[in-house]
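# Residue-level structural notes
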Amino acid sequence: MVVVLDEPQNTVNVAAVIRAMMNMGLTRLRLVRPLDFDPHRVEGIAHRSTHLVGATELYDSLTGAVADAVFVAGTSARPRSANRNYARPRAVANSLVERARRGTVCLLFGREDRGLTNAALDLCNVIITIPTAPDHRSLNLAQACLLISYELFLAAGGGKRTLPRGRRATDPATREELESMYSALENGLARIHFFKGARQPASVLRTLRTALERAELDGREARLVRAIAFEIGHYPDRSREGEDRKP
């Protein structure tokens, strides 16, 4: 998969595209007649991008940049008068990934101020249009690249990666840990006389069980709630000790 920028106007935008590419695992970039391309500045904006910046290919013509492509997917934010093959990013992501396994697929983006020309769109097999609010159709170059690259990343299996866990996360709480927690809560609440009037212990504990079971506590969280319950239960004793020590 190759990202092709046709006449990009600003180094900052090129750097942002490179950052989006690195986020989504794309490594090949071609620039066609860039007005402003400063590799050193790009690396200062898109950190750790030396490998991608160094491999960036520069072309004098768009036809040359896509000459080896077996499929070209252009991008456009607005309908044109000519009939085109339009598609949404998610609808074509799987087919683009499959095509990229057999040959070069180019993702073509136009310049920031006017997008792709009709001549450039003539080189495309499909035109990808990202759905947006009707009054704000135009996307920043890097935003468009990121959104389409994200759909390709998911289609290639990137979304199947395990979600990160907190450094202190533990395995789910066992039934024994949960029952110990509920027992401590009941004892602690009883010690501070929480159960009075219409607050019946069984009813209150059932509500707490419902809420806490929905939270799917891990072992560390269950132990923390139990420790809080213990402290609630010990509070009356500490208060009396404090009163006894007063002169």
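Residues numbered from 1 in each chain as written. Predicted model: local features only at pLDDT ≥ 70, side-chain atom pairs only at ≥ 80, totals over all residues. Heavy atoms only, no water.

## Digging into the nonpolar core
Membership of the largest hydrophobic core comes to 33 residues, with the highest contact counts inside it found for Val3, Leu5, Leu29, Leu96, Leu107 and Phe109. By residue number, the principal contributor to this core is helix 7 (residues 141-155), which donates six residues. Each residue touching valine 3, except ones within four places of it in the same chain, is listed here: Val17, Met21, Leu26, Arg28, Leu29, Arg30, Leu107, Phe109 and Cys145. (Core = buried A, V, L, I, M, F, W, Y, C linked by side-chain atoms within 4.5 Å. Buried < 20%, exposed > 50% of the residue type's maximum accessible area, 1.4 Å probe, protein only. Helix = DSSP H or I, 4+ residues; strand = E, 2+ residues; numbered from the N terminus. Contact = heavy atoms within 4.5 Å.)

## A short note on the sheet that holds strand 4 (residues 69-75)
The seven strands lie next to each other as 3-2-1-6-4-7-5, forming an open sheet whose pairing is parallel. The sheet is open, and its two edges are formed by strand 3 (57-59) and strand 5 (86-87), each paired on a single side. With five bridges joining them, strand 4 and strand 6 (residues 104-109) adopt parallel strand pairing. Bridge assignment links valine 72 to a residue of strand 6, and that residue is cysteine 106. (Pairing = 2+ DSSP bridges.)

## Some words on the layout of surface pockets
Counted as a void, the largest pocket has a volume near 370 Å³. Looking at the largest pocket, it is lined by 22 residues, and the ones nearest its centre are Ser76, Ala77, Gly115, Ser138 and Leu139. Residues of the lining of the largest pocket, tallied by class, amount to eight nonpolar, seven polar and seven charged. Size it by volume and the second largest pocket reaches roughly 180 Å³. Along the walls of the second largest pocket sit Met1, Met24, Gly25, Leu26, Val97, Ala100, Arg101, Ser149, Leu152, Phe153, Ala156 and Gly158, which together make up its complete lining. For the lining of the second largest pocket, the secondary structure elements donating two or more residues are helix 5 (89-100) and helix 7. For the lining of the second largest pocket, the element with the highest residue contribution is helix 7, accounting for three residues. For the lining of the second largest pocket, the residue count by class is eight nonpolar, three polar and one charged. (1 Å grid on protein atoms, 1.4 Å probe; cavity = no way out; pocket = protein on both sides within 12 Å on 5 of 7 lines; lining within 4 Å. Points joined across faces, edges and corners; volume = space filled by probe spheres on them. Nonpolar A, V, L, I, M, F, W, Y, C, P; charged D, E, K, R; others polar.)

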